[in-house]
Amino acid sequence: MKRIRTFIAVELDQALRRQALGLQKQLARIAGSDVKWAEPENLHVTLLFLGEVNDVEIPRIFRIAEQAAVCQPPFTMSLEMLGAFPSIHHPRVLWIGVGSGAQELIALHDRLEPPLSELGYRREERKYTPHITLGRVKAPGGQSRLSSFLAQHSGFRAGSMLVEELALMASELTPSGPLYTILGRAHLGHKTEQ
Ligand code: 2AM
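An account of the accompanying structure is given in this report. The shown structure was predicted, so the numbers you read here are calculated from the model rather than taken from an experiment.

**Comments concerning the overall build of the protein**
Helix and strand counts for the protein come out as four helices and nine strands. When the helices and strands of the protein are placed in sequence order, the string is β-α-β-β-α-β-β-α-β-α-β-β-β. A compact globule built from 194 residues should have a C-alpha radius of gyration of about 16 Å, and the protein, at 17 Å, falls within 12% of that. If you line up the protein on its principal axes, its C-alpha atoms span 45 × 35 × 30 Å. For the protein, the residues scored as buried account for 44% of the 194 residues in total. Per element, the accessible surface of the protein, about 10400 Å² overall, is 51% carbon and sulfur.

Take a look at the structure:
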């Protein structure tokens, strides 16, 4: 039996990925080496992080993802807002928020959580807030330029995309950063082909 670090996510299409990367590049000019930037292919909206699971559980987890997906018709997701956790004055995680589609993502999260916690995956203490992580500040403190950039660009708006599927992802932690692979995709409002 193998342990696999797993999460369920919505992937970005090429156009939104490009826009998110454009913003990431502007941020990098200000905060460059103080931040571990997410790789372009790693930009996504996490719906639920499971942590390490036994590989034999993957088909069961995938079926739960499919059951949540079929209940939700495809929807439009737009990217809006630039922000930071815990706050723009103490930026640790730099993120882009979701405008339209946030309700649907929360509904999907809320549909995934009960059957997965029945399987033994812990519930998050924090309220689920859909976002795309652009980077993580390595050494907090002394980021006043970054904070003022965040304040100036908090009203960031990118385009939108149609969300039609969820992805069950594996994350392998490597010295150069996480390596994500897609274990399967579950289609919204449809039966799944795999
Ligand atoms: P984040 O980037 O917004 O922190 C893979 O690690 C994905 O799962 C990341 O997108 C991460 O979201 C998310 N995730 C959520 N909770 C996590 C946790 N407790 N540990 C690691 N990743 C988590």
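**Regarding the site of the ligand**
By nearness alone, every residue bordering the ligand is listed as R5, F7, H44, T46, F49, R122, E124, H131, T133, R136 and Y180. Between the ligand and H44, the relevant distance is 2.7 Å, taken from an oxygen atom to a side-chain nitrogen or oxygen of the residue. Here an oxygen atom of the ligand and a side-chain polar atom of R136 are 2.7 Å apart. Alone, the ligand offers 460 Å² of accessible surface; in the complex the protein occludes 73% of this. The cavity where the ligand resides is the largest pocket. Contributions of two or more residues to the shell around the ligand are made by β1 (3-11), β3 (44-54) and β6 (131-137). The class makeup of the residues in the shell around the ligand is three nonpolar, four polar and four charged.

**Overview of helix α4 (residues 144-152)**
Along α4, the residues that are buried comprise L146, S147, F149 and L150. The buried residues of α4 occupy one face: seen down the axis, they fall within an arc of 160°. Of the exposed residues in α4, those oriented more than 90 degrees away from the buried face are S144, R145 and Q152. If you follow the buried residues of α4, they end up packed against α1 (14-31), β4 (75-87), β5 (90-98) and β6.

**Thoughts on the side chain of H109**
Relative to the helices and strands, H109 is located in helix α3 (residues 102-118). Residues within four places of H109 in sequence aside, it is in contact with L47, L48 and Y128.

Scoring rules and cut-offs
- Residues numbered from 1 in each chain as written.
- Predicted model: local features only at pLDDT ≥ 70, side-chain atom pairs only at ≥ 80, totals over all residues.
- Heavy atoms only, no water.
- Helix = DSSP H or I, 4+ residues; strand = E, 2+ residues; numbered from the N terminus.
- Rg over C-alpha atoms; globule rule 2.2 N^0.38 Å.
- Buried < 20%, exposed > 50% of the residue type's maximum accessible area, 1.4 Å probe, protein only.
- Areas by Shrake-Rupley, 256 points an atom, 1.4 Å probe, with all protein chains shown as cover.
- Near = heavy atom within 4 Å.
- Polar contact = N/O pair within 3.5 Å; in protein donor to acceptor, adjacent residues only side chain to side chain.
- 1 Å grid on protein atoms, 1.4 Å probe; cavity = no way out; pocket = protein on both sides within 12 Å on 5 of 7 lines; lining within 4 Å.
- Sits in = over half its atoms within 2 Å of the grid points.
- Nonpolar A, V, L, I, M, F, W, Y, C, P; charged D, E, K, R; others polar.
- Arc of directions from axis to C-beta.
- Contact = heavy atoms within 4.5 Å.

Shape is all these values report; function is a separate question.
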